[in-house]
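Single-letter residue listing:
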Number of protein chains: 2
Amino acid sequence: MNTFPRLDREIDELAAISAHPAPAVTRVLFSAEDLAARQWLTAKAKEAGFHARSDPAGNLFIRWEGEEPCLPAVATGSHTDAIPNAGKYDGVVGVLGGLEAMRQLKEGGHAPKRSIELIMFTAEEPTRFGIGCLGSRLMSGSTSPDEARALRDPDGRSLDELREAAGCRGDLGAVKVPSLAYTAFLELHIEQGPLLEAGQLDIGIVEKIAAPSAFRLLLKGAGGHAGAVLMKDRHDAFLAAAEIALLVERAALESGSPDTVGTCGLVEVKPGAINSIPCDVKMEVDLRDTNRETRDKALAKIAEGTREICRRRGIEIDWQVINQDPPAICEPTLVALVENKAKAAGLASRRMVSRAYHDSLFMARICPTAMIFIPCHKGYSHRPDEYSSPAAIAKGVEVLKECLKELSMR
Amino acid sequence: MNTFPRLDREIDELAAISAHPAPAVTRVLFSAEDLAARQWLTAKAKEAGFHARSDPAGNLFIRWEGEEPCLPAVATGSHTDAIPNAGKYDGVVGVLGGLEAMRQLKEGGHAPKRSIELIMFTAEEPTRFGIGCLGSRLMSGSTSPDEARALRDPDGRSLDELREAAGCRGDLGAVKVPSLAYTAFLELHIEQGPLLEAGQLDIGIVEKIAAPSAFRLLLKGAGGHAGAVLMKDRHDAFLAAAEIALLVERAALESGSPDTVGTCGLVEVKPGAINSIPCDVKMEVDLRDTNRETRDKALAKIAEGTREICRRRGIEIDWQVINQDPPAICEPTLVALVENKAKAAGLASRRMVSRAYHDSLFMARICPTAMIFIPCHKGYSHRPDEYSSPAAIAKGVEVLKECLKELSMR
């Protein structure tokens, strides 16, 4: 089976640039490791004869100038930042795989009409500023420069301070890309789910990208001694949270679509002693669907039910929206192109939904977009044992390469 | 209004022996502060002409020998240990108030037939070993010496190691008191609830002491990405916990008794990220009633429902009993005695239930027992702003004194 040893070696080289020892990979936005990874990638790009530049947010663009450089470019890419104790494939396969595809095309004598651009998006992971896909949000105008300027990391440092220290100069207003900058965007990515491996398939062709609506609930009740306050006199913030969590589950189950998922992943109960009635709960909720209407209907049901629960229980509520992005539909002709190229290469594929968040969600707002998934072991991701085989990666790069080749000549 | 300035001064003196600065009081079992408090109290007892001795567990007995020292003694007392950042009245009012009552009787020329014994129970608070009322449990045989020997504090130190370092020598088997050692036990205590203050009452006469059944649930489900795992494929440990918490509430509300209270006060959800399905939950539950049968029926309902919830959701469960003590009924003739003495002193009183845990719960197993409550500000307890006025304390001591006087002559 074909593999691309140069690419495999580079994935390992990049994985070694990490704040935690192998097999863990940790590269937080604008940390020493993130900066080293950017430098390393820029050197690789130049070595291959491509041009590299950064925008003021730190998005890195590696460009292979086409014969008609004024035409909208064909873009590919992903991210190289990694949450603490993650693995070495998430994002990286799309960035280094994109570089490999461009290099192979160049080495094979391809002379693109349109320019081909590889984008390494800044801060796809929300680790530092609590917001995911910061780079592609800014590029697509989904987050405004003012919103970005207001961001602070856990140490109180601003994006402006950190990006300038990292050498990303210029105004954040310049990050939004002009309309018609790109004719297409294709993101190669590990599935982060179990379906391809289970189905013994090589390629997942993403038709839709789910988008989360995330919100934080701060519930305030009344504390007291677990022995001393009678049930009828209680305002137990945790019992309200428990009811809301079950409501989120019900709203997802009864949305009418199996794609709706709702999760209360973060729950903090205070004061947190066996003999104290909970007076404060912080709960963060993630609700996703590939269809915005279905998701927003479920969300409305949750909001209404939550108000009723809190009124009935005498609980004060502070409902904070973390984000509420629309899902994306991949461009049908791009989806068909990926499907055809997979078929032509003799690969087994299926159409599917991306349930995780990707920069493609935001790129879809400014240009035709599609995603190419490859299988990963058991769907593991965001953990050190995340794994895609060299053969699986090579197949994804092969399909990406053929798509870029064709798109760059259209 | 009468107050007892010597007693008030001593309460302040003892409060100053604390690991945290005033107004907070922290005296953890066998800490330097606990040892200093024991020394200080022993000196006060000797100064007043009483005899003091410790048992191997550190229970401190301050004895005023009666004219017939072989008769079962009349006992009173409480505790002086304090959880971190507590106040200065919980327990202390019963110990120093008991000492004051004995001193006043002695100074007034009373010559008791039966000996009067003031007990300072070791480790009423569960801070160090996770189990409350350790001293009275051992005295009553409710906890066996072997169970006590197996205890370890958070640093891994054993009770034997700590008590021997504190000078409490001898075998733990010697702590259990012989049958018929006491003819009665009376505990003076702040209410730790709001009823007396709200009713402008001086004295609460405790008829029943509720007892918690406490258990820890370790729930193990399956984690995963909040976007990637469909609802029907989930085993969300937090949703099981949410259902169980609501079941605990329902079981308490529907027990048929308003005295049943159920609380899920400690809830820890892991991994605890907005985009991760909870795979592990630790939840600690406290269920109390003054009637053991009612409580145990509610408990059985919770156990059955929990099994059903976990089966249905595919959640592994580890149900750990923390304690399951029977509630206590105070001795009716002692209750009547306290009521009569309050009335004779012109004080406003009511009969009531103690919803908090006290050493009296265990003393009730070995001798007729009752409790005298006095009001405390807003029911606050276990916090630095815990407060009972000097006048309120003096009224409680007055009633205790008259009861001890009469009981010691019977």
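No experiment lies behind these values; they were computed from the predicted model shown.

What counts as what
Residues numbered from 1 in each chain as written. Chains lettered and ligands numbered in written order. Predicted model: local features only at pLDDT ≥ 70, side-chain atom pairs only at ≥ 80, totals over all residues. Heavy atoms only, no water. Helix = DSSP H or I, 4+ residues; strand = E, 2+ residues; numbered from the N terminus. Rg over C-alpha atoms; globule rule 2.2 N^0.38 Å. Buried < 20%, exposed > 50% of the residue type's maximum accessible area, 1.4 Å probe, protein only. Contact = heavy atoms within 4.5 Å. Salt bridge = Lys/Arg side-chain N within 4 Å of Asp/Glu carboxyl O. Buried area = accessible area lost by both parts, 1.4 Å probe. Nonpolar A, V, L, I, M, F, W, Y, C, P; charged D, E, K, R; others polar. Least-squares fit on C-alpha atoms with pLDDT ≥ 70 in both. Domains from an automatic or database assignment. Polar contact = N/O pair within 3.5 Å; in protein donor to acceptor, adjacent residues only side chain to side chain. 1 Å grid on protein atoms, 1.4 Å probe; cavity = no way out; pocket = protein on both sides within 12 Å on 5 of 7 lines; lining within 4 Å. Points joined across faces, edges and corners; volume = space filled by probe spheres on them. Phe/Tyr/Trp six-rings, centres within 6.5 Å; stacked < 30°, edge-to-face > 60°. Lys NZ or Arg CZ within 6 Å of the ring centre and 35° of its normal.

Comments concerning the overall build of chain A
Thought 1: Of the regular secondary structure elements, chain A holds twelve helices and 15 strands.
Thought 2: In terms of overall size, chain A behaves like a compact globule, its C-alpha atoms giving a radius of gyration of 23 Å where 410 residues would be expected to give roughly 22 Å.
Thought 3: The principal-axis extents of the C-alpha atoms in chain A amount to approximately 80 × 45 × 40 Å.
Thought 4: Within the span of chain A, comprising 410 residues, buried residues form 59% of the whole.
Thought 5: When contacts within chain A are restricted to residue pairs at least 6 apart in sequence, long-range pairs at least 24 apart make up 79% of them.

Description of the pattern of salt bridges
Thought 1: On inspection of all chains with the given rule, the structure shows 74 salt bridges over all chains.
Thought 2: Arg 295 of chain B is paired through a salt bridge with Asp 296 of chain B; the nearest N and O atoms lie 3.1 Å apart.
Thought 3: Classification of Asp 296 of chain B as partly exposed rests on a relative accessible area of 24%.
Thought 4: A single network of salt bridges, built from pairs that share partners, joins Arg 6, Glu 10, Glu 13, Lys 44, Glu 100, Arg 103 and Glu 107 of chain A.

Quick notes on the interface of chain B and chain A
Thought 1: On the chain A side, the residues contacting the 45 residues of chain B number 45 residues.
Thought 2: Carbon and sulfur atoms make up 67% of the surface buried where chain B meets chain A, a total of about 3700 Å² over both sides.
Thought 3: Per-residue buried area on chain B facing chain A is highest for Met 231, Phe 238 and Ile 274 of chain B; these three make up 18% of the total on that side.
Thought 4: Across the pair Glu 249 of chain B and Arg 313 of chain A runs a salt bridge, and its minimum N-O distance is 2.8 Å.
Thought 5: Counting only elements with at least two residues in the side of chain B that touches chain A, the list comes to helix H8 (237-253), strand S10 (261-270) and strand S11 (280-289) of chain B.
Thought 6: In terms of residue count, H8 of chain B provides more of the side of chain B that touches chain A than any other element does, nine residues in total.
Thought 7: Its residues assigned to classes, the side of chain B that touches chain A comprises 27 nonpolar, ten polar and eight charged.

Observations concerning the relation of the copies chain B and chain A
Thought 1: For the pair chain B and chain A, the best superposition has an RMSD of 0.1 Å and corresponds to a rotation of 180 degrees with a translation of 0.2 Å parallel to the axis. What the superposition gives is, in effect, a two-fold axis relating one chain to the other. Judged by C-alpha distance, Ala 242 of chain B is the residue of chain B that lies nearest the rotation axis, at 2.2 Å.
Thought 2: Interface residue correspondence from chain B to chain A reaches 100%, placing this contact among same-surface, isologous pairings.

Comments concerning the domain arrangement of chain A
All names here are of chain A.
Thought 1: Its domain assignment divides chain A into domain 1 (5-210 + 327-407) and domain 2 (211-324).
Thought 2: On the domain 2 side, the residues contacting the ten residues of domain 1 number ten residues.
Thought 3: When domain 1 packs against domain 2, close to 850 Å² is buried across both sides, 59% of that on carbon and sulfur atoms.
Thought 4: Our count for the domain 1 to domain 2 interface comes out at one salt bridge.
Thought 5: Of the charged contacts in the structure, one is a salt bridge between Arg 355 and Asp 259, with a shortest N-O distance of 2.8 Å.
Thought 6: Linking domain 1 to domain 2 there are two residue pairs in polar contact (both at pLDDT 80 or more).
Thought 7: Considering only residue class, the side of domain 1 that touches domain 2 consists of seven nonpolar, no polar and three charged.

So, empty space enclosed by the protein
Which parts of space are left empty comes out when a probe the size of a water molecule is rolled across the atoms.
Residue and element names in this part refer to chain B.
Thought 1: Inspection of the entire model under this criterion finds one cavity of 30 Å³ or more.
Thought 2: Of the voids in this model, the largest cavity is the one considered here, and its volume is about 60 Å³.
Thought 3: Residue lining of the largest cavity: Val 28, Leu 29, Asp 81, Ala 123, Glu 125, Pro 126, Thr 127, Arg 128, Phe 129, Ile 131 and Leu 134, and that is the complete set.
Thought 4: Residues that form the lining of the largest cavity fall into these classes: seven nonpolar, one polar and three charged.

Details of the packing of aromatic side chains
Thought 1: Inspection of the entire model under this criterion finds eleven aromatic pairs over all chains.
Thought 2: Ring centres of Phe 238 of chain A and Phe 238 of chain B lie 6.4 Å apart, and the angle between their planes is 50 degrees; this geometry places the pair in the tilted category. Of this pair, Phe 238 of chain A sits in helix H8 (residues 237-253) while Phe 238 of chain B sits in helix H8, which puts the two residues in different chains. Across the pair, Phe 238 of chain B and Phe 238 of chain A agree in class, each one buried.
Thought 3: Looking at Arg 53 of chain B, its charged tip hangs above the ring of Phe 61 of chain B, at a distance of 4.2 Å from the centre.

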